[in-house]
Amino acid sequence: MSSNKARGQEKTERHDSVIQGYIESREKQRQLQKRTLAIVIASQICGGAGLAAGITVGALLAQEMLGTGQPRLA
């Protein structure tokens, strides 16, 4: 039981030292901000594409259900 607690303490200390490195280094902060911004931009693009696809599918389903639009050739 105590070995698990010691491992948890070591892990916490390693995390603290990593965080401290970001606090003390402007360059690391800049890199982190750049990565974070890239992730946010990518997620916004994917979310926008998903929203557009959902609207398109909804419009096509409504058109199919209402029977509006161009007549089909059988």
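Refer to the structure presented above.
Residues numbered from 1 in each chain as written. Predicted model: local features only at pLDDT ≥ 70, side-chain atom pairs only at ≥ 80, totals over all residues. Heavy atoms only, no water.

Visitor: Before we go on, may I ask you to explain the overall build of the protein chain in this structure?
Guide: Regarding its fold elements, the protein chain presents two helices and zero strands. By residue count, 1% of the 74 residues in the protein chain fall in the buried class. Of the accessible surface of the protein chain, which amounts to about 6900 Å², a share of 63% is contributed by carbon and sulfur atoms. (Helix = DSSP H or I, 4+ residues; strand = E, 2+ residues; numbered from the N terminus. Buried < 20%, exposed > 50% of the residue type's maximum accessible area, 1.4 Å probe, protein only. Areas by Shrake-Rupley, 256 points an atom, 1.4 Å probe, with all protein chains shown as cover.)

Visitor: Explain helix 2 (residues 26–66) here, please?
Guide: Along an α-helix, residues three or four positions apart point the same way, because every turn accommodates 3.6 residues. Under the 1.5 Å per step criterion, the end-to-end length of helix 2 is 59 Å for 41 residues, consistent within 8% with the ideal 60 Å. Following helix 2 by one or two positions, Gly-67 adopts a phi angle in the positive range, close to 70 degrees. (Expected span 1.5 Å × (residues − 1).)

Visitor: How do you make sense of the pattern of salt bridges when you look at a structure like this?
Guide: If the charged atoms of two oppositely charged side chains come close together, the side chains can form a pair. A full pass over the atoms with the stated rule returns one salt bridge. Notably, a salt bridge pairs Glu-27 with Arg-30, separated by 2.7 Å at the nearest N-O pair. Placement of both Glu-27 and Arg-30 in helix 2 is noted, with a separation of three residues, approximately one turn of the helix. For Arg-30, a relative accessible area of 42% gives the class partly exposed. (Salt bridge = Lys/Arg side-chain N within 4 Å of Asp/Glu carboxyl O.)

Visitor: Is there a simple way to explain the environment of Thr-36 in this structure?
Guide: Locating Thr-36 in the fold gives a position in helix 2. At 2.8 Å, the side chain of Thr-36 forms a polar contact with the backbone oxygen of Leu-32. (Polar contact = N/O pair within 3.5 Å; in protein donor to acceptor, adjacent residues only side chain to side chain.)

Visitor: Please explain the environment of Leu-32 as it appears in this structure.
Guide: One can find Leu-32 in helix 2. Given the relative accessible area of 36%, Leu-32 is considered partly exposed. On a C-alpha basis, the gap between Leu-32 and Tyr-22 in space is 8.4 Å, while along the polypeptide they are 10 residues apart.

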